[in-house]
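Residues per chain, in single letters:
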Amino acid sequence: MEILNKNPAEKITLPRHKTVNVKKDIKYYNFDDLNILLDYLSEYKPQRFSEYNVYYVLVYFLSRTGLRISEALALKWSDVQQNRLDVNKQTSRDDNNRLTISTLKNNPSYRNIELDKNIVELLSDFRRLQNKMILKHEKFIRNKDMIIFQTYNGNYMTPSTTRHDKKSLF
């Protein structure tokens, strides 16, 4: 019957896992903090291309749509159709820390959301501003993928650099 006389797992010792403290800090802006930040960003003038207010547009956009920053930074102008936004990709980092555009984590993350009138107007104005900047300044370069939130030199913004730059504003 091939019955074992001894338990073969008897001498195995299981590793003890260290206890991990989970931070319970919730990182969000309350309504007043958000308004203070938006007021500041609306007046903020970057050293280079002072009229290019990408941080204000990005923070306002995130606050009104609820998108994750990695989703917003991957958006192309073609993802916006009138008052609809198709969310279908995100920015991420590969093993060599290079920026990549990747799929979303799960099926419910793929969505089509309705944009309110204020966001539609803000995006329209921002697109006109980008086009004006590209025509006016030789060093302001359009991103080849036609992304919405780009740096002045045509690169993708990344969540980590956006957080870092935002901290340096204050």
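Please read all numbers here as calculations on a predicted model, not as lab measurements.

Caption draft 1: Just the packing of aromatic side chains, in detail. All told, the structure shown has nine aromatic pairs when counted by the stated rule. For the pair Tyr52 and Phe126, a centre-to-centre distance of 5.5 Å together with 20° between the ring planes defines the contact as stacked. Taken together, the residues Tyr52 in the loop between helix 1 (31-43) and helix 2 (54-65) and Phe126 in helix 4 (residues 117-136) connect sequence positions 74 residues apart. A residue is classified by how much of its surface remains accessible, and Phe126, at 2% relative accessible area, is buried.

Caption draft 2: Just the nonpolar core, in detail. With 37 residues, the main nonpolar core has Phe61, Leu67, Leu85, Phe126 and Phe149 as its most contacted residues. Elements supplying a minimum of two residues to this core: helix 1, helix 2, strand 2 (84-87) and helix 4. No other element matches helix 2, which puts nine residues into this core. With near-sequence residues (within four places) excluded, Phe61 lies in contact with Leu67, Ala72, Leu75, Leu85, Ile119, Leu123 and Phe149.

Reading the values: the criteria
All residue numbers refer to position in the chain's written sequence, counted from 1. Where totals are concerned, whole chains, interfaces and linings use all residues; where local detail is concerned, this predicted model gives features only for residues with pLDDT of at least 70, and gives and counts side-chain atom pairs only at 80 or more. The basis for every side-chain value is the complete set of non-hydrogen atoms in the structure, without hydrogens or water. What counts as a ring pair is set by centres within 6.5 Å for rings of Phe, Tyr and Trp (its six-membered ring), and what kind of pair is set by the plane angle: stacked under 30 degrees, edge-to-face over 60, tilted for all other angles. In this text, helices come from DSSP runs of H or I with a minimum length of four residues, and strands from runs of E with a minimum of two, each type numbered from the N-terminal end. Any residue under 20% of the maximum accessible area for its type is buried, any over 50% is exposed, and the rest in between are partly exposed; the area is computed with a 1.4 Å probe on protein chains only. By nonpolar core we mean a set of buried residues, namely Ala, Val, Leu, Ile, Met, Phe, Trp, Tyr and Cys, connected to one another through side-chain atoms within 4.5 Å. Contacts are residue-level and defined by heavy atoms, with any inter-residue pair within 4.5 Å sufficient.

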